[in-house]
Amino acid sequence: MKISVIIPAYNVEKTLVECVESIISQGITDCEVLIVNDGSTDSTLTVCNELKEKNEAVRVISQANSGVSVARNTGIQAACGEWLIFVDGDDALQPESLNKVNFDVKEDLLVFGYRKKLLDEPYSQRFSVVCETAETMKKIILNKAGYPDYMKKVQVLDSVSCWTCWGKAFRRNLILQNQIKFPEGITHGEDLIFNYRYCSVAKNIQFVDIPVYYYRITEGSVAHRFNPNRLKNTDALLKTLMKEPEVEDSEDFNYFVFDRLYNCCHAYFGKENTSLTKEQKVKLLGELCEAKWYKKSLTITSIRKLSAGKKTRMKKWYTLQLLKRKKYESTIRLYNGECVLSRFFD
């Protein structure tokens, strides 16, 4: 078996048929589609079984609801293919795309182009980070802005190749031989951890200049702008990533941590969070900045290594200066839109 496409499926009754048919229609004979039903409460399992009846390439595994990481790990253990491709149940593959990819290559990781669709907007073509070695990919995962020579090669500055497992093909034997798994028990950044672990044992990467993947951003995806569990989820991600070899003491990790702190300022300490008073936000932000890894991240020194466009980079730099000086109330005012600079940055 050449290719196994693994689909974790939870309550995707409305999109699963389109997803699976987009894979089957590629016409690849040496390919299986492995759907892992993760305890869906709608008719997803029924749809799975109907798809299985229609096409012998489809296999279905059903398990109690355990989360996307467990579902993907289940798929990895059950897969037969030389290459593993992960597709989310509410996404799809572009017609006549995967069948154009050459899988008879020496590289350990293939990274595809993709198309992105926001709600009812048309798909826009995007491309992922281009790099030749997995060692470079590991560095870009932590801090893509620190490696501008590689970032100049992309059409759109995009971190999708770091934060997602979709839009790629992984060698199954490397995963099994090195016991690489998606981290269970965290709900933010699990793909990033998997990619980092894989790149720790992989060697070369091939960028496939074909938009293979259709990435659909749904109403539920957009709703993540404010998540009451944001701090908890970010904390779990950092603790997990710090356990990886050579991560904690790297300069790139400090930039990665500061980016997470900046995102929390936006998503947790901004005006969208009405569950906390301004005083509570100030207190919590102060406590956060005294935590070990966040405090260390405030020692970063290069504005050019802050991943973002020019205006956002300036906002990150200004935020860094405020937090270094423990101006927590001023930081909260900035993200609540209560100061002059708020209008400049927004």
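All of these numbers come straight from a predicted model, not from anything done at the bench.

Engineer: Before we go on, may I ask you to explain the overall build of the protein chain in this structure?
Structural biologist: In terms of helices and strands, the protein chain carries 16 helices and nine strands. Out of the 346 residues in the protein chain, the part that is buried amounts to 53%. The contacts in the protein chain between residues at least 6 apart in sequence include a share of 75% that link residues at least 24 apart. For the protein chain, the accessible surface area stands at approximately 16200 Å², while carbon and sulfur atoms represent 49% of it.

Engineer: Teacher, can you tell me more about the confidence of the model for the protein chain here?
Structural biologist: Do not read the fine detail of predicted coordinates wherever pLDDT is low. For the protein chain, per-residue confidence averages 84 on the pLDDT scale, and residues scoring 70 or more make up 81% of the total. Below a pLDDT of 50 lies the segment residues 150-158, which in the model reaches 21 contacts outside its immediate sequence neighbourhood of four places, other chains included.

Engineer: Would you take a moment to explain the packing of helix α8 (residues 190-199) against helix α10 (residues 230-242) for this structure?
Structural biologist: Helices that pack against each other are described as a pair by the angle of their axes relative to one another and the distance between those axes. In contact at an axis separation of 10 Å, α8 and α10 are set at 10° when each is read in the N-to-C sense. The orientation of α8 relative to α10 falls into the category roughly parallel. Contacts between α8 and α10 involve Leu192, Ile193, Tyr196 and Arg197 from the first element and Leu237, Thr240 and Leu241 from the second. Along the lines of polarity and charge, the residues of the contact of α8 with α10 split into five nonpolar, one polar and one charged.

Engineer: In this structure, what is going on with the side chain of Ser4? I would like to understand it.
Structural biologist: Structurally, the position occupied by Ser4 is in strand β1 (residues 3-9). There is a polar contact of 2.7 Å between the side chain of Ser4 and the backbone nitrogen of Gly81. Leaving out residues up to four positions away in the same chain, Ser4 has contacts with Glu32, Ala79, Cys80, Gly81, Trp83, Leu84 and Ile85.

Engineer: Sorry, what's going on with the environment of Lys305 here?
Structural biologist: Within the secondary structure, Lys305 is located in the loop between α13 (292-297) and α14 (310-324). Separated by 53 residues in sequence, Lys305 and Asp252 place their C-alpha atoms 8.9 Å apart.

Basis of the calculations
- Residues numbered from 1 in each chain as written.
- Predicted model: local features only at pLDDT ≥ 70, side-chain atom pairs only at ≥ 80, totals over all residues.
- Heavy atoms only, no water.
- Helix = DSSP H or I, 4+ residues; strand = E, 2+ residues; numbered from the N terminus.
- Buried < 20%, exposed > 50% of the residue type's maximum accessible area, 1.4 Å probe, protein only.
- Contact = heavy atoms within 4.5 Å.
- Areas by Shrake-Rupley, 256 points an atom, 1.4 Å probe, with all protein chains shown as cover.
- pLDDT = per-residue confidence, 0-100.
- Axes fitted to C-alpha atoms, helices over the stretch in contact; angles between N-to-C directions.
- Parallel < 35°, antiparallel > 145°, perpendicular 65-115°, else oblique.
- Nonpolar A, V, L, I, M, F, W, Y, C, P; charged D, E, K, R; others polar.
- Polar contact = N/O pair within 3.5 Å; in protein donor to acceptor, adjacent residues only side chain to side chain.

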